[in-house]
Amino acid sequence: MVQKRELVVRGLMAAEWVGMAYLLFTLVFMACVWSRLPNITDMLVLRGGYIVATLAAMFVYRRYPSRWTLFLRVLVQMVFLSWWYPDTYELNRVLPNLDHVFAQWEQTLFGCQPSLLFSQKVPYGWFSELMCLGYVSYFPLMLITYLYYFFCRYQEFQMAAFVMLGSFFAYYVVFVLLPVTGPQFYYLAVGTEKIAAGIFPNMGDWFLTHSERMAAPGWTEGFFYHLLDITHDAGERPTAAFPSSHVGVTTVVMLLALRTRSKGLIFTILPFYVAMCFSTVYIYAHYTIDAIAGLATGCCLYFVLVNRIIRR
């Protein structure tokens, strides 16, 4: 019965369609700002590689239809997520930076900059390690959920893949159109003295040519602190602050875990999810309003995308 259902998937999966839709969106955007893009050749090569890899995985599945070749197709999409992320910076840095607007909103709502003060109020090494662990658990949490659906709820595996990947690409669209770098880049560019004094200048096109970031706060000798530093050095860019996709996507993951009603999966995900929600602010990655918006949009995306796939 499972084999017959797999043979029906002759074209692109829903998860692959959202990736192709995002590809088309970025090509249209690139056409509009073509002369201002500094790395246009590399960006086109990325898109060509994505198309080839997606079609190659689909061909392998068509030639050898099975659970594992279907899993390969989803895995290809997951791998490219880490490539699409820095690409948002290549696109949105041609637009005026908006951090001064979001930092001012933060100040108006809370009367301070929580991201600047959080680590000062809780300076303990063990708490720093907990926050760093929460943040670097991002992709492992998704992988755990994917694997659970693949092995334990295979009939809903494609649905879970579509919901998670659809959420990612929805956030990437926002990141392209809304250039907000977050505290770790904006605070450094402005200076923490000015930020603490409530001065939030418009940086204009500063981040078109600058990508320096503040070091994360906390226990610098900690294992997870070093792991966080490595991941930031490898892929972090001054982009993708609002809303927090770390909070948003892990909210989607948490809701997918709750959908399974598996206590083992739920209580595995839950502590990391809670740590994630706080860590994004603690390590200067996001303003508090980014984390709140990530929570709200994550819930909305989950219910919209799940209902969409159920109707299909």
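Read on for an overview of the structure.

Conventions we followed
Residues numbered from 1 in each chain as written. Predicted model: local features only at pLDDT ≥ 70, side-chain atom pairs only at ≥ 80, totals over all residues. Heavy atoms only, no water. Helix = DSSP H or I, 4+ residues; strand = E, 2+ residues; numbered from the N terminus. Rg over C-alpha atoms; globule rule 2.2 N^0.38 Å. Buried < 20%, exposed > 50% of the residue type's maximum accessible area, 1.4 Å probe, protein only. Contact = heavy atoms within 4.5 Å. Areas by Shrake-Rupley, 256 points an atom, 1.4 Å probe, with all protein chains shown as cover. Expected span 1.5 Å × (residues − 1). Phe/Tyr/Trp six-rings, centres within 6.5 Å; stacked < 30°, edge-to-face > 60°. Salt bridge = Lys/Arg side-chain N within 4 Å of Asp/Glu carboxyl O. Core = buried A, V, L, I, M, F, W, Y, C linked by side-chain atoms within 4.5 Å. Axes fitted to C-alpha atoms, helices over the stretch in contact; angles between N-to-C directions. Parallel < 35°, antiparallel > 145°, perpendicular 65-115°, else oblique. Left-handed = near helix turned anticlockwise from the far one by under 90°. Nonpolar A, V, L, I, M, F, W, Y, C, P; charged D, E, K, R; others polar. Polar contact = N/O pair within 3.5 Å; in protein donor to acceptor, adjacent residues only side chain to side chain. Lys, Arg positive; Asp, Glu negative; His and termini not counted.

Details of the overall build of the protein chain
So, point 1. The helix and strand inventory of the protein chain stands at 15 helices and 0 strands.
So, point 2. Relative to a compact globule of 312 residues, whose C-alpha radius of gyration would be 20 Å, the protein chain shows 20 Å and is just as compact.
So, point 3. Judged by the C-alpha coordinates and their principal axes, the protein chain covers about 65 × 50 × 35 Å.
So, point 4. Here the protein chain holds 312 residues, and the buried ones make up 54% of them.
So, point 5. Taking the intrachain contacts of the protein chain between residues at least 6 apart in sequence as the baseline, contacts between residues at least 24 apart amount to 83%.
So, point 6. Total accessible area on the protein chain is roughly 14,300 Å²; 68% of this is exposed by carbon and sulfur atoms.

Thoughts on helix α14 (residues 263-282)
So, point 1. If you check α14, its first and last C-alpha atoms are 29 Å apart, about what 20 residues at 1.5 Å a residue would give, namely 28 Å.
So, point 2. Of all the positions in α14, only Leu265, Ile266, Ile269, Tyr273, Ala275, Met276, Ser279, Thr280, Val281 and Tyr282 are classed as buried.
So, point 3. Of the residues trailing α14, Tyr284 is marked for its positive phi of about 75 degrees.

Overview of the packing of aromatic side chains
So, point 1. According to the stated counting rule, one finds 34 aromatic pairs in the structure shown.
So, point 2. A ring pair is formed by Tyr22 and Phe25, whose centres lie 6.0 Å apart and whose planes are at 40 degrees; its orientation type is tilted. A residue pair is termed a helical-turn pair when its members lie 3 or 4 positions apart in one helix, as Tyr22 and Phe25 do in helix α2 (residues 14-32) at 3 residues.
So, point 3. By relative accessible area, which is 23% here, Phe25 ends up partly exposed.
So, point 4. Between Tyr302 and Phe303, the aromatic rings sit 5.1 Å apart at their centres with planes inclined by 80 degrees, giving edge-to-face as the arrangement.

Things to note about the pattern of salt bridges
So, point 1. Applying the stated criterion to the full structure yields 7 salt bridges.
So, point 2. A salt bridge links Glu90 to Arg93; its shortest N-O distance comes to 2.7 Å.
So, point 3. With relative accessibility at 14%, the residue Glu90 sits in the buried group.
So, point 4. A salt bridge links Arg213 to Asp229; its shortest N-O distance comes to 3.4 Å. Here Asp229 lies in helix α12 (residues 223-235) and Arg213 lies in the loop between α11 (192-196) and α12, a separation of 16 residues in the sequence.
So, point 5. Taking the relative accessible area as the measure of exposure, Asp229 reaches 29% and is therefore partly exposed.
So, point 6. Bridged by salt links that share partners, the residues Arg153, Glu156 and Arg259 form one connected network.

Concerning the nonpolar core
So, point 1. Counting 85 residues, the largest nonpolar core has Leu37, Trp84, Tyr146, Phe157, Val163, Tyr172 and Leu256 as the members making the most contacts within it.
So, point 2. Counting residues per element, this core draws most heavily on helix α9 (residues 157-177), at 14 residues.
So, point 3. Excluding residues that lie within four positions of it along the chain, Leu37 makes contacts with Met30, Met43, Glu90, Leu91 and Val94.
So, point 4. One finds Phe102, Ala103, Ile195 and Phe242 within the second-largest nonpolar core, a separate group that totals 19 residues.

Here we look at the packing of helix α13 (residues 245-260) against α14
So, point 1. Remark: α13 packs on α14, axes separated minimally by 10 Å, with the N-to-C direction vectors making an angle of 165 degrees. With respect to their mutual orientation, α13 and α14 come out roughly antiparallel. Like other packed secondary-structure pairs, α13 and α14 cross with a definite hand, here left-handed. Across the interface between the two elements, His246, Val247, Thr250, Thr251, Val253, Met254, Ala257, Leu258 and Thr260 from α13 touch Leu265, Ile266, Ile269, Leu270, Tyr273, Met276, Cys277 and Thr280 from α14.
So, point 2. For the contact of α13 with α14, the residue count by class is 12 nonpolar, 5 polar and no charged.

Some words on the side chain of Glu90
So, point 1. Among the structural elements, Glu90 can be located in helix α4 (residues 67-92).
So, point 2. One polar contact links Glu90 to Asn39, side chain to side chain, over a distance of 2.8 Å.
So, point 3. Non-local contacts of Glu90, meaning those with residues more than four positions away in its chain, are made with Leu37, Pro38, Asn39 and Met43.

Here we look at the side chain of Asp290
So, point 1. If you trace the backbone, Asp290 turns up in helix α15 (residues 288-311).
So, point 2. Comment: no salt bridge for buried Asp290; closest opposite-charge side chain is Arg213, at 15 Å.
So, point 3. Each residue touching Asp290, except ones within four places of it in the same chain, is listed here: Phe102, Ala241, Phe242, Pro243 and Ser244.

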